[in-house]
Amino acid sequence: MTDLLSIDEALERVLARARPLAAEDVPLEHAHGRVLAEPARALVDLPPFDSSAMDGYALRAADTPGSLPVVARIAAGRPAPRRLEPGEAMAIATGGALPQGADAVVPIEEASEADGLLDAPQARAGSHVRPCGGDVRHGDVVVDAGTRLGAAQLGALAAAGIATARAALPPRVAILATGTELRPPGERLAPGEIYEANGVMLAAQVASAGGLADRLAPVADDNAAHRDALARGLDYDVLVSSGGVSVGPHDLVRRVGSDLGVAEIFWGVAVKPGKPLWFGVRGRTLVFGLPGNPVSSLVCFELFVRPALLALQGAADASPRYEPAELARAVRRNAARDELVRARSTVRDGRTTVEPLSGQESHMIARAAGADVLAFVPRGDGELAVGTVVRFLRI
Ligand code: AMP
Ligand code: MG
């Protein structure tokens, strides 16, 4: 672990190996969070017909201003009974189909109707009319390939008549915590033991990245146990282990992984926390050996595993999404490693500031629980002053 890779180099090596998985058809109601594998094209013009943007009266602009007989009433979902002839008006609801012959709508608020006669003010052709195909045209792309489907995208697909989305399969991810000292929460700790924190945390991160997490039973620092568990994990698209990747005699993940045919791509990244991160591949399986300290696991997941899961789903931009903010307090820099500092963000008058929390050691997961962002502090000398613009990741 003498030559540490930069974060960017390490990420590049990960993404180069994270090719999109096969795609399947997913009913829209199950497609939230999935990534489109192909562009989705509208099955209809949207709107599918000229329609009214207001509750009001359909008429011909050329007949305004004027007094016009109201010859029909058009509800949404029911087309006009006949064409609108010159000199006529028809009452129309928002979303109602504009009758043939009409070219404008006068809102109810701007007209008055008495005894079947409408007193209409001057109207412009096209006013308060939603033209057919004005949002998107039949056959045009509604949502592009590589887009992760959120609420707006699902609404757009449904409006365009699309009932199923073609989406990459969700990556199947095995999560394995290693360490003889680990006990499940809920049990009693024997001397020297600690509670196992990474499994539940990593499973939550996997789910939020669109993956399907399977937690394997944690293993002790024992060759045979590592062998069995890692072998199982290698049947998945991604194997994420925690612990056991440092230089100690009980750090077995790399050695056993390599015995099982995992080719090491890198070991050691110039990042704090997370330096001993190990990454390898076997066949199409990506293998991440995260350091065991919970904050190291948390951070390494955000920097490397989340991007890999998004890339496996074909996301157009899988890289971490940094945003700018001002530092609310000075931060000392690490000379050799870029640091992801746990911090709390505040937005005031549209300006975001991030305040690094106290307790930045990599075992301090309880302190990290107070953070909503990771602030990126580039390696270097001295400190970053209050007000310095840094980038941050939301967690
Ligand atoms: P390791 O990377 O195995 O050397 O572990 C580094 C530190 O993280 C040690 O103090 C471990 O006890 C702790 N640790 C490892 N795995 C976990 C886990 N799953 N949950 C909580 N702490 C862990
Ligand atoms: Mg360990």
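Since this is a predicted model, take the numbers as computed values, not measurements.

Draft legend 1. Spatial organisation of the overall build of the protein chain. Secondary structure summary: the protein chain contains seven helices and 28 strands in total. Rg of the C-alpha trace for the protein chain: 30 Å, well past the compact-globule value of 21 Å for 395 residues, more than 25% over. With the C-alpha coordinates of the protein chain rotated into their principal frame, the extents come out at 95 × 50 × 40 Å. Sequence separation of 24 or more characterises 71% of the internal contacts of the protein chain that already satisfy a separation of 6 or more. Accessible surface, the protein chain: about 18700 Å² in total, of which carbon and sulfur atoms supply 50%. Put simply, the protein chain has 41 plus and 48 minus side-chain charges, and the middle of one group is 5 Å from the middle of the other.

Draft legend 2. Inspection of the site of ligand 1 at higher detail. In the vicinity of ligand 1 there are 16 residues, among which E181, E196, A197, G244 and G292 approach most closely. A distance of 2.8 Å separates a nitrogen atom of ligand 1 from a polar side-chain atom of E196. G292 places a main-chain nitrogen or oxygen 2.8 Å from an oxygen atom of ligand 1. Across the complex, the protein chains shield 77% of the 490 Å² of accessible surface that ligand 1 would expose by itself. Residue classes in the shell around ligand 1 are distributed as seven nonpolar, seven polar and two charged.

Draft legend 3. Inspection of the packing of helix α3 (residues 198-208) against helix α6 (residues 294-312) at higher detail. At a minimum axis distance of 10 Å, the contact between α3 and α6 shows a crossing angle of 25 degrees. Here α3 lies roughly parallel to α6, going by the angle between them. In this structure, α3 crosses over α6, and the sense of that crossing is right-handed. Side by side, α3 and α6 meet where N198, M201, L202, Q205, V206 and S208 of the first sit next to P294, S297, L298, F301, E302, R306 and L309 of the second. When grouped by side-chain class, the residues that make up the contact of α3 with α6 number seven nonpolar, four polar and two charged.

Draft legend 4. View of the pairing of strand β22 (residues 323-327). Judged from the four bridges that link them, β22 and strand β28 (residues 389-394) form a sheet pairing that is antiparallel. Residue pairing across strands places E326 opposite V389, the latter belonging to β28.

Draft legend 5. Spotlight on helix α4 (residues 223-233). Buried residues of α4: H226, A229, L230 and G233, and no others. For α4, the angular spread of the buried residues around the axis is 100 degrees, confining them to a single face. Summarising the geometry of α4, the exposed residues directed more than 90 degrees from the buried face are D228 and R232. The elements touched by buried residues of α4 are β13 (172-177), β17 (238-242), α5 (253-259) and β21 (285-290). For α4, the side-chain oxygen to backbone nitrogen distance between the N-cap and A224 is 3.1 Å, and the N-cap itself is D222.

Draft legend 6. Up close: unusual backbone geometry. In this structure, the amide linkage connecting L46 to the following residue, P47, adopts the cis form with an omega of -10 degrees. On the secondary structure map, P47 appears in the loop between β2 (40-41) and β3 (51-52). With an omega of -5 degrees, the peptide bond running from K272 to P273 counts as cis. Mapped onto the secondary structure, P273 falls in the loop between β19 (271-272) and β20 (278-282). A positive phi angle, close to 50 degrees, is found at D115, a residue other than glycine. With respect to the element layout, D115 can be found in the loop between β8 (112-114) and β9 (117-120). A positive phi angle is found at H128, which is not glycine, with a value near 60 degrees.

Draft legend 7. Fine view of the pattern of salt bridges. Scanning the model with the defined rule gives 18 salt bridges in all. Each of D25, E38 and R166 takes part in salt bridges that share partners, so that together they form one network.

Draft legend 8. Region of interest: the packing of helix α1 (residues 7-16) against α6. The geometry of α1 relative to α6 is characterised by a closest axis approach of 9 Å and an angle of 30 degrees between their N-to-C directions. What the angle tells us is that α1 and α6 run roughly parallel. Helix-helix and strand crossings are classified by hand; for α1 and α6 the assignment is right-handed. Together, I7, A10, L11, V14 and L15 of α1 and L303, F304, P307, A308 and A311 of α6 make up the contact between the two elements. Here the contact of α1 with α6 is built from residues that sort into ten nonpolar, no polar and no charged.

Draft legend 9. Main features of the nonpolar core. Core analysis: the biggest nonpolar cluster contains 45 residues, and F266, L286, F288, F304 and L309 have the highest contact counts within it. In terms of residues, this core owes the most to one element, α6, which gives twelve residues. When residues of this core are assigned to domains, at least three fall in each of domain 1 (7-21 + 169-312) and domain 4 (323-394). If near-sequence neighbours (up to four positions away) are discounted, L286 is found in contact with R17, A18, D237, V238, L239, F279, G280, V281, A308 and L312. Counting 18 residues, the second-largest nonpolar core is a separate cluster that includes L176, L216, L230 and L234.

Draft legend 10. Structural view of the side chain of S242. Structurally, S242 can be placed in strand β17. A polar contact is formed between the side chain of S242 and the side chain of N198, at a distance of 3.2 Å. Dropping the residues within four chain positions of it, S242 is found in contact with L176, A177, T178, N198, L202, L290, P291, G292 and S297.

Thresholds, definitions, all that
- Residues numbered from 1 in each chain as written.
- Chains lettered and ligands numbered in written order.
- Predicted model: local features only at pLDDT ≥ 70, side-chain atom pairs only at ≥ 80, totals over all residues.
- Heavy atoms only, no water.
- Helix = DSSP H or I, 4+ residues; strand = E, 2+ residues; numbered from the N terminus.
- Rg over C-alpha atoms; globule rule 2.2 N^0.38 Å.
- Contact = heavy atoms within 4.5 Å.
- Areas by Shrake-Rupley, 256 points an atom, 1.4 Å probe, with all protein chains shown as cover.
- Lys, Arg positive; Asp, Glu negative; His and termini not counted.
- Charge placed at Lys NZ, Arg CZ, Asp CG, Glu CD.
- Near = heavy atom within 4 Å.
- Polar contact = N/O pair within 3.5 Å; in protein donor to acceptor, adjacent residues only side chain to side chain.
- Nonpolar A, V, L, I, M, F, W, Y, C, P; charged D, E, K, R; others polar.
- Axes fitted to C-alpha atoms, helices over the stretch in contact; angles between N-to-C directions.
- Parallel < 35°, antiparallel > 145°, perpendicular 65-115°, else oblique.
- Left-handed = near helix turned anticlockwise from the far one by under 90°.
- Pairing = 2+ DSSP bridges.
- Buried < 20%, exposed > 50% of the residue type's maximum accessible area, 1.4 Å probe, protein only.
- Arc of directions from axis to C-beta.
- Salt bridge = Lys/Arg side-chain N within 4 Å of Asp/Glu carboxyl O.
- Core = buried A, V, L, I, M, F, W, Y, C linked by side-chain atoms within 4.5 Å.
- Domains from an automatic or database assignment.

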